[in-house]
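So the chains spell out like this:
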Amino acid sequence: MSLKTAGIHHITSFAADPQGNVDFYTGVLGLRLIKKTINFDAPEVYHLYFGNEGGSPGTIITFFPAPGTRKGKLGGGQVGITTYVVPPGTLDYWENRLHNLKVSFTKSARFGESFIQFQDNEGLRLELVEREEGPTNTWTAGGVPADKAIKGFGGAVLFSANSKHTQGVLENVLGMTPIGEDVGYIRYQATGDLGNLIDIPVKDVPWGNGGAGTVHHIAWRAQDDAEHQVWDETVRQHGFGTSGIVDRQYFNAVYFREQGGILFEIATDPPGFTVDEELNELGHKLMLPEWFEPQRSVIESNLVPIEVRVLKQD
Ligand code: ZN
């Protein structure tokens, strides 16, 4: 069985300001707060998920926003830029929107595509690109109409401390196809229609440090639990130690660090975010896995309150 990931499942980052995080991803980018839960490995910290209307794989960015988190340094061993895809003909709308919300941006191009590049409120690097591929996001928020809404991830730019090695993992472990080289980047394609184009600088990138405003890990899609088992075995056969299969409530996870320094995860598409809430209720209530329910009152009292709210535009 030759495995091929469909592409990115989710990307998880560090942040220091929970309300600022909600304001940026819902109020500026117009994404939906899909799930409000805690870091299962550190229950005093939020774990917030933002995505399209249902939190489909390939649309989900997640954060561990914890006040006091030290600032990170972007560099090798991290996802350098998280790429979001918007419908064709909408980049002008997004330029205006970012301008009105006082988010500064620059423009660049690679592989014949135009990108608007900017940072979130904590310095995490993001970009927008127009593409036909990917289903329309029916969620409207923060004044972004559905026909201009972010569909999900277009892909990501991986800052590898060992580019050749990371390229090898994408091709030989994750089953992606190299499709071209341009302006110092090599591009890999996965089989899905979101989160499917991964760019890597050909040159090694000097190491960064994890912290607020940097990515913690990137997760790749496995279609179900049976395939996930095979992924775990495959990764081990390529010589990587893995975490083994971990229950993350909304998906199962396997983690391994590739030699370019980036923490990779393989995550299952099922069961998804409606496993413990109805679709129209997603993100409203603090959700805890059953093993944390007995501690709910203590956990809630340690978290600063957050709300989804409309931001003022000029
Ligand atoms: Zn993850």
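That block above? That's the structure.
Attention here is on the structure that accompanies the text. Fair warning: this is a prediction, and the values are worked out from it, not measured in the lab. (Residues numbered from 1 in each chain as written. Predicted model: local features only at pLDDT ≥ 70, side-chain atom pairs only at ≥ 80, totals over all residues. Heavy atoms only, no water.)

Another point: the pattern of salt bridges. One pass over the full model with this rule turns up 16 salt bridges. Asp199 is the partner of Arg187 in a salt bridge, and the nearest nitrogen-oxygen pair spans 2.8 Å. You can see Arg187 sitting in strand 11 (residues 185-189) and its partner Asp199 sitting in strand 12 (residues 197-201), a full twelve residues away along the chain. Assessed through its relative accessible area of 5%, Arg187 is described here as buried. For Glu307, the salt bridge identified is with Arg309, shortest N-O distance 3.9 Å. Exposure remark for Glu307: the relative accessible area of 45% places this residue in the partly exposed category. (Salt bridge = Lys/Arg side-chain N within 4 Å of Asp/Glu carboxyl O. Helix = DSSP H or I, 4+ residues; strand = E, 2+ residues; numbered from the N terminus. Buried < 20%, exposed > 50% of the residue type's maximum accessible area, 1.4 Å probe, protein only.)

His10 (NE2), His217 (NE2) and Glu265 (OE) make up the full set of protein donors to the zinc ion, lying at 1.9 to 2.0 Å. Mapped onto the sequence, the donors of the zinc ion take the spacing H-x206-H-x47-E. In this pair, His217 is assigned in strand 13 (residues 215-222) and Glu265 in strand 16 (residues 263-268), connecting sequence segments 48 residues apart. A relative accessible area of 0% means that Glu265 is categorised as buried. (Donors = N, O, S within 2.8 Å, 3.2 Å for Na, K, Ca; no water.)

A few words now on helix 2 (residues 91-100). Within the span of helix 2, buried status applies to Leu91, Trp94, Glu95, Arg97 and Leu98. What you see down the axis of helix 2 is that its buried residues fit within an arc of 165°, all on one side. Along helix 2, exposed side chains directed more than 90 degrees from the buried face belong to Asp92 and His99. The secondary structure elements touched by the buried residues of helix 2 are helix 1 (18-28), strand 5 (78-86), strand 6 (105-110), strand 7 (113-119) and strand 8 (125-130). Looking one or two places after helix 2, you find Lys102, whose phi comes out positive at around 60°. (Arc of directions from axis to C-beta. Contact = heavy atoms within 4.5 Å.)

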